[in-house]
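Now for the letters of each chain:
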Amino acid sequence: MPGELSAVNVGFSYGGRTVLRNVSLSIGAGSQVGLAGPSGSGKTTLARVLAGLMPPSTGHVTCNGATVQAAGDGAVAMLFQSPRRSCSPRMTLRAVIAEGMMGGGRGSGRRREMDAGVRQFAARVQLTGDLLDRYPHEVSDGQLQRACLARSLAAGPDYLICDEATAMLDAATTAAVVRIIGEEVTARGLGVLALSHDRELLDAWCGSITHLS
C-alpha cells in the first residue's frame with residue numbers, strides 16, 4: 001500500500017549556486033499538498049527532485065519507504081505547466097495517452113485493448129474521441145493538457161506532481177482539471193503535490209500548503 005513521498009533535508013546546487021537548502025516535505029497517500037513560493041524559490045527544482053528526474057545534492061527522497069533513485073521508478077508522475085513543451089508535436093493525442101500506458105506497463109496487450117484503454121483515460125479527463133487523432137497544433141492548450149493528464153493517470157502513479165499545471169488554462173478548464181485530480185485522490189488514494197504562484201487556487205485545491213521563500 002502507498003505510504004508517502006518525502007523529501008528529507010534536501011538541498012540542490014547547480015553551477016555553484018544553491019537552489020534548495022535543507023527542505024523537508026511529505027505528501028501522504030490520498031492527500032493534496034500545495035507548494036507556494038515566488039519565482040526562483042526552487043519549486044520546480046524540488047518537484048523534479050521528488051520525481052526522481054534529478055538527484056538531490058544533499059539529503060534524500062523516499063517514496064513509499066524506498067529511496068528514490070534518479071529517473072524514478074514510475075511511482076511519481078509529473079504534469080507540467082506547458083503541455084506543448086511536454087508533448088512531441090509529431091504525436092497525436094491518442095499516442096500521447098498511449099505513452100503513459102506503456103510507461104505504466106499496460107502496453108503489452110493487443111492493439112484493440114490499447115485503443116480501449118486510451119479511450120477510457122480520455123473519457124476520464126473529459127476528452128472527446130474525435131480529438132484523439134489530432135496533433136498538438138490542432139487542439140487548444142486546455143485540450144492538450146487534458147491529454148497530458150490522461151497520460152499521467154494512465155501510467156498508474158501513486159503520486160502526481162503538478163508544476164504550475166493550470167497556469168496556461170482558463171478558469172473553467174482549471175476547475176475541471178482540479179476536480180478530476182481530486183476524484184483520483186478519493187477513488188484510489190493518489191497523493192498530489194500542487195505547485196503554484198496562485199495562493200487562492202492552492203487554498204481551494206489543497207488540504208495543506210507549504211511555502212518556499
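Relevant structure appears above.
Every value quoted in this text rests on a predicted model; they were computed, and no experiment measured them. Residues take numbers from 1 onward in each chain, read along the sequence in its written order. Thresholds applied to this predicted model are a pLDDT of at least 70 for local features of residues and 80 or more for the giving and counting of side-chain atom pairs; totals over whole chains, interfaces and linings are not thresholded and use all residues. Computation of side-chain values: all heavy atoms of the structure, hydrogens and water removed.

Colleague: Explain the pairing of strand 2 (residues 17-28) to me, using residue names and the numbers behind them.
Modeller: As paired elements, strand 1 (residues 4-14) and strand 2 share 8 bridges and run antiparallel to each other. Residue pairing across strands places valine 10 opposite valine 23, the latter belonging to strand 2. We call two strands paired when DSSP finds no fewer than two bridges between them. Here a helix means four or more residues in a row that DSSP labels H or I, a strand means two or more in a row labelled E, and each is numbered from the N terminus. Two successive antiparallel strands, strand 1 and strand 2, enclose a turn made up of 2 residues, where glycine 15 displays a positive phi of approximately 60 degrees.

Colleague: Describe helix 3 (residues 111-124), naming the residues involved and giving the relevant values.
Modeller: Under the convention used throughout, the expected extent of a helix is 1.5 Å for every residue step, that is, one less than its residue count. Between the first and last C-alpha of helix 3 there are 20 Å, a value that for 14 residues agrees with the 20 Å anticipated at 1.5 Å per step. Residue exposure (1.4 Å probe, protein chains only): buried if accessible area is under 20% of the type maximum, exposed if over 50%, otherwise partly exposed. Taken residue by residue, helix 3 has Met114, Gly117, Val118, Phe121 and Ala122 as its buried positions. One side of helix 3 carries all its buried residues, which in axial view fall inside an arc of 135 degrees. Facing away from the buried side of helix 3, by more than 90 degrees, are the exposed residues Arg112, Gln120 and Ala123. Of the residues trailing helix 3, glutamine 126 is marked for its positive phi of about 60 degrees. It is the directions from the helix axis to the C-beta atoms that the arc portrays.

Colleague: A description of the layout of surface pockets should follow, citing residues and the corresponding values.
Modeller: Looking at the second largest pocket, its volume works out to about 210 Å³. A cavity here means a set of points on a 1 Å grid, drawn over the protein atoms and nothing else, where a 1.4 Å probe fits but cannot get out; a pocket is an open set with protein on both sides within 12 Å along at least five of seven lines, and a residue lines either one if it has an atom within 4 Å of a point. Every residue lining the second largest pocket is counted, 14 residues in all, and those nearest its centre are Lys43, Thr44, Gln81, Asp163 and Glu164. It is helix 1 (residues 43-50) that contributes the most residues to the lining of the second largest pocket, 4 residues altogether. Grid points are joined across faces, edges and corners, and a volume is the space filled by probe spheres set on the points.

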